[in-house]
Amino acid sequence: MRNSPKPKIALISLGCPKNLVDSEVMLGLLDQAGYPIVEDVTDADIAILNTCAFIEPAQEEAIEALLDLAEIKSAGDLRAVICAGCLPQRYGRELADEFPEIAVFVQVGAEPRIVEAVQAASAGRHTFFESSTGYALTCDLPRWRSAPQWLSYLRIAEGCDHRCTFCTVPAIRGTHLSREPQDILKEYEQMVGEGLREIIVIAQDTTAYGHDLAPRKSLADLLRVLAPVAFDGWVRLMYTHPGGVDEDLLNAMADLPAMVPYLDLPLQHASSRILRAMGRPGDAEEYLHLLETTRRIMPDLAIRTTFIVGFPGETDEDFQLLLDFAAEARFDRLSAFAYSPEAGTVAAEMPDQVELREALDRMEALMRCQEGVSLQKNTALVGKRMRVLVERKAPERELWFARSYRDAPEVDCEVKVETTTDGCQPGIGSFCEVEITGAEIHDLNARLLGT
Ligand code: SF4
């Protein structure tokens, strides 16, 4: 027993990039403790499922994956299954009662105890690792790089202090907790030193960074700490909040050489009446002014936003206001979601819930409006030269798929790169220069100019 080889571990990471960082920390700690990490569950002895639970479809996906793993275990192909992340955080020990075949549960914030969790699972001990408040990622925690090898996520804070009435995240991930700037700088330098091509700055609300630190800091302060580090790759800022985007931040973004002119700015709606019901600031006029300011300071800025349609009480007038706003604001990237009531949220108890069919029709109408804007913006880029990050190659064709600075991974669009006749080929995970040759509604076509 004492010298028996350590069990092979496979981890499935569901949900958002913030969850992916927790998964990488868990794998990093297990790798450091000598556990072999395998890609595929079929090659593993113990499977870890890191779950998401912020909306119903995500919970359904997690539960389905848990049931699949439990089936593989009962077929004797796995020694144990560990369930981590937002699902055990949201449902606590109730989940353990529901899934007796799952040996170990690890709540949010208990990830640093993953080696103990695997030891318990190996010994067949049913154990529930409760979350520890105040856990914050630090640069000393090892990370097993799982995202494509050329990019990684720099998580600068945990939790959220906002109280958007439709959102379960604060109840699951806790209050906002910023990391110390020097700790983030160390991790950023490590990432640059590893040769990464893209570093993506994330948190629930990146613009709330530093508000809880003494002395109080801001995201702009943090970017100024990172700016002196020489980096010829891309830094991308995600998950900002309209209440936190100001001229100081925009100037700090413009002054960080590696920062791409890209801003992820979820606005959720434009009708002041609906925004108040959502527990969010602003309105169409204020947001148009904010967009004008952002484009004045960063003229090439690509702006991504997210809207929720069908929120309780949303009338045709509210929706028309949102449509008109989206047409005038001309976002580069826009995602729309039909509102879904989440148990435990204020909005789920609100009167005047909108029929799902109605909400879906509105979502489609908004995306049709965006298609027109997106095609016009793409068409304006034809003939331009761009630096793109190549990520994959089409099988059997001299066609590569890349992203421009206007495209965040997983959520945005692609640039399809054709090579020229001289046989020059771009490398996967590297930058190359292209000329835009054609525009589609969402994607761009391009020809390779140089690698
Ligand atoms: S800011 Fe984002 S994470 Fe925070 S409560 Fe609002 S929607 Fe949820």
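Throughout, a residue's number is its position along its own chain's written sequence, starting from 1. Local features are withheld for residues below a pLDDT of 70 in this predicted model, meaning they are given only at 70 or higher, and side-chain atom pairs are given and counted only at 80 or more; totals for whole chains, interfaces and linings count all residues. Heavy atoms throughout the structure, all of them, feed into the side-chain values; hydrogens and water do not.

Caption draft 1: Representation of the packing of aromatic side chains. Whether two aromatic rings pair depends on their centres lying within 6.5 Å, for rings of Phe, Tyr and Trp, where Trp uses its six-membered ring; planes under 30 degrees apart make the pair stacked, over 60 edge-to-face, and the rest tilted. For the coordinates displayed, the defined rule picks out nine aromatic pairs. Summarising the aromatic geometry, the rings of Phe 166 and Phe 311 are spaced 6.4 Å apart at their centres and angled 85° between planes, so their arrangement reads as edge-to-face. Taken together, the positions of Phe 166 in the loop between β7 (157–158) and α6 (169–173) and Phe 311 in the loop between β12 (302–309) and α12 (316–329) put the pair 145 residues apart, joining distant regions of the chain. Each residue gets one of three labels from its accessible area relative to the maximum for its type: buried under 20%, exposed over 50%, partly exposed in between, using a 1.4 Å probe on protein chains only. Phe 311 gets classed as buried once you look at its relative accessible area, which sits at 0%. Ring plane angle 70° and centroid distance 5.2 Å describe the contact between Phe 311 and Tyr 339, whose orientation is recorded as edge-to-face. Of the two residues, Phe 311 is situated in the loop between β12 and α12 and Tyr 339 in the loop between β13 (333–338) and α13 (356–379); the sequence distance between them amounts to 28 residues. Residue Tyr 339 is classed as buried on the basis of its relative accessible area, which comes to 8%. The structure contains a cluster of three or more aromatic residues connected by ring pairs, namely Tyr 287, Phe 307, Phe 325 and Phe 331. Definition used: whenever NZ (Lys) or CZ (Arg) falls within 6 Å of the ring centre and also within 35 degrees of the ring normal, the charge is taken to sit over that ring. A cation over a ring is seen here: Lys 6 above Tyr 35, with NZ or CZ 5.1 Å from the ring centre. Secondary structure elements are defined from DSSP: runs of H or I of at least 4 residues count as helices, runs of E of at least 2 residues count as strands, and each element is numbered from the N terminus.

Caption draft 2: Molecular detail of unusual backbone geometry. Residue Ala 214 is joined to Pro 215 through a cis peptide bond whose omega torsion reads -5°. Positive phi values are uncommon outside glycine, yet Tyr 239 reaches one of about 55°. Residue classification places Tyr 239 among the buried positions, given a relative accessible area of 18%. At Asp 352, a position not held by glycine, the phi torsion is positive, near 60°. Within the secondary structure, Asp 352 is located in the loop between β13 and α13.

Caption draft 3: Representation of the pattern of salt bridges. Each reported salt bridge corresponds to a side-chain nitrogen of Lys or Arg within 4 Å of a carboxyl oxygen of Asp or Glu. The full count for this structure, using the stated rule, is 35 salt bridges. Two residues, Lys 186 and Asp 140, come together in a salt bridge whose shortest N-O distance is 3.9 Å. With a gap of 46 residues between them, Lys 186 in helix α7 (residues 181–193) and Asp 140 in the loop between β5 (127–129) and β6 (151–155) connect regions that are remote in the sequence. Classification of Lys 186 by relative accessible area gives partly exposed; the value is 43%. Close ionic contact of Asp 221 with Arg 224 constitutes a salt bridge, the shortest N to O distance being 3.4 Å. Remark: Arg 224 and Asp 221 occur in helix α8 (residues 219–226); sequence separation between them is three residues, near one turn of the helix. Judged by its relative accessible area of 39%, Arg 224 is partly exposed. A single network of salt bridges, built from pairs that share partners, joins Glu 24, Arg 143, Arg 145, Arg 179, Asp 183, Glu 187 and Glu 194.

Caption draft 4: Structural context of the packing of helix α9 (residues 247–255) against helix α11 (residues 284–297). Axes, fitted as lines to C-alpha atoms, cover a helix only where it is in contact. Angles between the N-to-C directions of the axes lie from 0 to 180 degrees. As a packed pair, α9 and α11 sit with axes 10 Å apart at the nearest point and diverge in direction by 30°. The angle between α9 and α11 places the two elements in the roughly parallel class. With respect to the hand of their crossing, α9 and α11 are arranged in right-handed fashion. Packed against α9, whose contacting residues are Glu 247, Leu 250 and Asn 251, the element α11 presents Thr 293, Thr 294, Arg 296 and Ile 297 at the interface. Classification convention: Asp, Glu, Lys, Arg as charged; Ala, Val, Leu, Ile, Met, Phe, Trp, Tyr, Cys, Pro as nonpolar; all other residues, Gly among them, as polar. Residues that form the contact of α9 with α11 fall into these classes: two nonpolar, three polar and two charged. Angles are sorted into four bins: roughly parallel if under 35 degrees, roughly antiparallel if over 145, roughly perpendicular if 65 to 115, and oblique for all others. Left-handed describes a crossing whose near helix is turned anticlockwise from the far helix through less than a right angle; right-handed describes the clockwise counterpart. Two residues form a contact once any of their heavy atoms are found within 4.5 Å.

Caption draft 5: Focus on the domain arrangement of the protein. What the domain assignment reports for the protein is domain 1 (9–129), domain 2 (151–379) and domain 3 (385–448). The straight-line distance from the C-alpha centre of domain 1 to that of domain 2 is 29 Å. Taken residue by residue, the interface counts 17 residues in domain 1 and 14 residues in domain 2. Summing both partners gives a buried area of about 1400 Å² for domain 1 against domain 2, and 55% of it is carried by carbon and sulfur. For Glu 342, the salt bridge goes to Arg 90, with nearest N and O atoms at 3.3 Å. Any N or O atom pair separated by 3.5 Å or less is treated as a polar contact, with the protein-specific requirement of one donor-capable and one acceptor-capable atom, and with residues adjacent in sequence counted only for side-chain atom pairs. There are 10 residue pairs in polar contact (both at pLDDT 80 or more) connecting domain 1 and domain 2. When residues of the side of domain 1 that touches domain 2 are traced back to their parent elements, those giving at least two are α1 (17–32), α2 (56–74) and α3 (86–91). The source of the domain bounds is an automatic or database domain assignment. Here the quantity called buried area is the total loss of accessible area, with a 1.4 Å probe, experienced by two parts when brought into contact, counted for both.

Caption draft 6: Quick peek at the pairing of strand β2 (residues 46–51). Of all the six residues making up β2, six are buried; the element is thus mostly covered by neighbouring parts of the structure. The alternating pattern of β2 places Ile 46, Ile 48 and Asn 50 and Ala 47, Leu 49 and Thr 51 on opposite faces, both of which are buried. Strands are labelled as partners when DSSP assigns at least two bridges between them. Bridge analysis of strand β1 (residues 9–13) against β2 gives five bridges, and the strand direction is parallel. Each residue of the ladder has a partner; that of Ile 12, found in β2, is Leu 49.

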